[in-house]
Amino acid sequence: MLDVQGLRKEYGELVAVRDIYFQLHPGDVFGFIGPNGAGKTTTIKMLATLLEPTAGTATLNGIDIVRHPEEVRPLLGYMPDFFGLYEGITVTEYLEFFAAAYRIPKSQRAAIIENVLELTDLTVKKDAYVETLSRGMQQRLCLAKSLVHDPILLLLDEPASGLDPRARIEIKELIRELGAMGKIVLVSSHILPELADFCNKIGIIEKGELLVWGAVDEIIVQLQASRVLEIRLLGEPEPLIQRLERESHVHGVEARDGSLYVHFAGGLEEQADLLAALIRDGFRIAAFREESLDLEDVFMQITRGEVS
Amino acid sequence: MRALWENPLLQYHLLGATRHRWKRQPWLYWAATLGTGLMYLLALQTAVNYRPGIDAALWFSLFVMCLAAPLMAYNLFSLEYEKQTWESLALTRLTAPEIFWGKWGAALARVAVLTLLLAPFLFLSGVGNWYATTAAFVVLFGWGALLASLGVWLSFKLKRTLTTASALYAGQVFVLLLFPMLYLILGEGTLPRELISTVQSYKDAYYTWIICVFNGALIIYINPFYVALEMEHMRWWADWWWMRGDEYTYRSGLRYMLWGFTQGVLYLGLAALFAGFTYRGVKISWRK
């Protein structure tokens, strides 16, 4: 389990990360969302033990990352947003280098490297020189390198940046698979649709402050204090508008594109009662649905577009 | 010992990258090797035929070392920063001593190989004078180790390959050329030789070394090319009674000052100091 407790990073007057708290469990794929300069990379670097926090700490399986970075490092895999690879060696040699650096016994290295290559779909390139790989393959190799020591926490900083659509889909699949393997995956991005598909938890950071975090569905429900109902009606809309405006839970009605959009403050019970009442009153309703928020709506509602 | 033998970083720097460069650009590397090899053999043949003095042999060797040693160290850390590989390396289980040995050890091993390649020139020139030959060897390796060690440290501190290389070569121009020139200008063009003539015991030598720190003569005395120049005076070790005179006094002064050895040890000491800075830097900056 990753338990982040009040992580804070200051650079002089500038507060890059402001007292962040969140907890992740095995199998969680956590989307760390925020605009450029929001503090995502700084947070990830602190979790990766590369930066010392000004205050606060985090524990991974109970081990303090600030006090015992050397004990935490073997438990985490880190893929930076900008990364390079050692050149002049083959893919297999590159992975052997990191396997040796992680002190994996010689007798086990070949099998582990084979597994990792298979997982990242790089087996066919195992004898290729590192610098001859495409950007997408280099990204996968960097991920493969982060997996050789079987970490429990994966910190992936913008893993899909600069990739073509196919490579993006492949890396998404890979992250999903890693989550299914029981690893804690923290993946940052500022491209929301990228994360919406495979994250079960998200955290939105802006100006160094974690504005909200939790399960995606829960956050959406939290934010839907006023829901929007879309009603498609057969016939003239005016009588229905007048009827809706008399309802106590209705805060406003807009008519556009042949539908009525009703700002509704009630719960599911009140929503069902309203539908029943309208049908009883003789309105011919062809469609009645709640307009749901997606990750982009959530992001737009929460953030103000500021950077720290 | 694990830091030395089972170090993947050391193996990568000494063998990994080099091996594949040969495989990938065989013609280029074979041509370069052949050219360098021929030049080396030609120089060796010249040394065999003309038997230059130990000063000339050491001058030549030092010149090669001054050019080559920075190239053996200048990018060892800076490339990690430029290519953004240092974070991945820092997160492995390699300890600070292992990372340090992986880099510094590689640089030092390269300097050692170059010293061995240049050793025949020194041995050919110093036949029969083991003191001067050994001292020349210590000076050559010490100077190479100092350059390599400084290169590794600058590479770590400056984080830029080109800046490190420039600093190393420019630094040598200052230390080996401009500072001695400044000394000579201020000293009306005379080398600080009288000081050496006054040394007639190890105690004198000890005080002379201390004095030369304050009167500026150290700038000249620690210049490896000047060390080589004076080395020629130690060609003849015999001190028969009929040889006694000014030249004898001067030679014994050099001998009491442990000429060559003192400078070599000083270079090695400075190399160790920069190595210590690098090790400390890795330990602190990389949180190792």
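Not measured: the values here are computed from a predicted model. (Residues numbered from 1 in each chain as written. Chains lettered and ligands numbered in written order. Predicted model: local features only at pLDDT ≥ 70, side-chain atom pairs only at ≥ 80, totals over all residues.)

### Remarks on the overall build of chain A
Thinking step 1. A count of helical and extended segments in chain A gives eleven helices and 14 strands.
Thinking step 2. Relative to its length of 308 residues, chain A is extended, with a C-alpha radius of gyration of 24 Å against a globular reference of 19 Å.
Thinking step 3. Considering only C-alpha atoms, chain A reaches an extent of 80 × 45 × 30 Å along its principal axes.
Thinking step 4. In chain A, which comprises 308 residues, the share counted as buried stands at 39%.
Thinking step 5. Here the analysis covers contacts within chain A between residues at least 6 apart in sequence; of these, 69% occur between residues at least 24 apart. (Helix = DSSP H or I, 4+ residues; strand = E, 2+ residues; numbered from the N terminus. Rg over C-alpha atoms; globule rule 2.2 N^0.38 Å. Buried ≥ 20, exposed ≤ 12 C-beta atoms within 10 Å, placed from the backbone. Contact = placed C-beta atoms within 7 Å.)

### Focus on the pairing of strand β2 (residues 14-24) of chain A
All names here are of chain A.
Thinking step 1. As paired elements, strand β1 (residues 2-11) and β2 share eight bridges and run antiparallel to each other. Paired with D3 across the strands is Q23, a residue of β2.
Thinking step 2. Counting the residues that bridge the hairpin from β1 to β2 gives two residues, and of these G12 lies at a positive phi of roughly 65°. (Pairing = 2+ DSSP bridges.)

### Regarding the interface of chain A and chain B
Thinking step 1. Contacts between the two partners involve 26 residues from chain A, matched on the other side by 17 residues from chain B.
Thinking step 2. Sort the elements by how many residues they give to the side of chain A that touches chain B and helix α3 (residues 91-101) of chain A lands first, with five residues.
Thinking step 3. Classifying every residue of the side of chain A that touches chain B gives 17 nonpolar, three polar and six charged. (Nonpolar A, V, L, I, M, F, W, Y, C, P; charged D, E, K, R; others polar.)

### Digging into the sheet that holds strand β12 (residues 250-256) of chain A
Residues and elements named next belong to chain A.
Thinking step 1. In spatial order, the strands read β12-β13-β11-β14; together these four strands make up an open sheet with antiparallel pairing. The strands lining the two open edges of the sheet, one partner per strand, are β12 and β14 (285-291). Taken over all neighbouring pairs, the strand axes of this sheet differ in orientation by 20° on average, direction set aside.
Thinking step 2. Set on the sheet, helix α9 (residues 238-245) makes contact with β11 (227-233), β12 and β13 (259-264); between it and β12 the angle comes to about 165°. (Axes fitted to C-alpha atoms, helices over the stretch in contact; angles between N-to-C directions.)

### What to know about helix α13 (residues 224-231) of chain B
Thinking step 1. For α13 of chain B, the set of buried residues is P224, V227, A228, E230 and M231 of chain B. On an axial view of α13 of chain B, the arc spanned by its buried residues comes to 165°, and they lie on one face. (Arc of directions from axis to C-beta.)

### Regarding the environment of P80 of chain A
Thinking step 1. Relative to the assigned elements, P80 of chain A resides in the loop between β6 (76-79) and α3.
Thinking step 2. Here the alpha-carbon distance between P80 of chain A and I113 of chain A, two residues 33 residues apart in the chain, equals 21 Å.
Thinking step 3. Apart from residues no more than four positions distant in its own chain, P80 of chain A is found in contact with D157 of chain A together with Q84 and E87 of chain B.

### A closer look at the domain arrangement of chain A
Thinking step 1. Partitioning chain A into structural domains gives domain 1 (2-221) and domain 2 (225-291).
Thinking step 2. Using only C-alpha atoms to locate each centre, domain 1 of chain A and domain 2 of chain A end up separated by 45 Å. (Domains from an automatic or database assignment.)

### Some details on the environment of K23 of chain B
Residues and elements named next belong to chain B.
Thinking step 1. Structurally, K23 is set in helix α2 (residues 8-24).
Thinking step 2. Among the residues examined, K23 registers 11 C-beta atoms within 10 Å and is labelled exposed.
Thinking step 3. C-alpha of K23 to C-alpha of K159: the two residues are 136 residues apart in sequence and 29 Å apart in space.

### Details of the packing of helix α7 (residues 96-125) of chain B against helix α8 (residues 130-158) of chain B
Residues and elements named next belong to chain B.
Thinking step 1. For the pair α7 and α8, the least separation of the axes is 9 Å and the interaxial angle reads 150°. Overall, the two elements α7 and α8 adopt an arrangement that is roughly antiparallel. In terms of crossing hand, the pair formed by α7 and α8 is right-handed. Across the interface between the two elements, K103, W104, A107, L108, V111, L114, T115, L118, A119, L122 and F123 from α7 touch T133, A136, F137, L140, F141, G144, A145, A148, S149, G151 and V152 from α8.
Thinking step 2. Classifying every residue of the contact of α7 with α8 by side-chain character gives 16 nonpolar, five polar and one charged. (Parallel < 35°, antiparallel > 145°, perpendicular 65-115°, else oblique. Left-handed = near helix turned anticlockwise from the far one by under 90°.)

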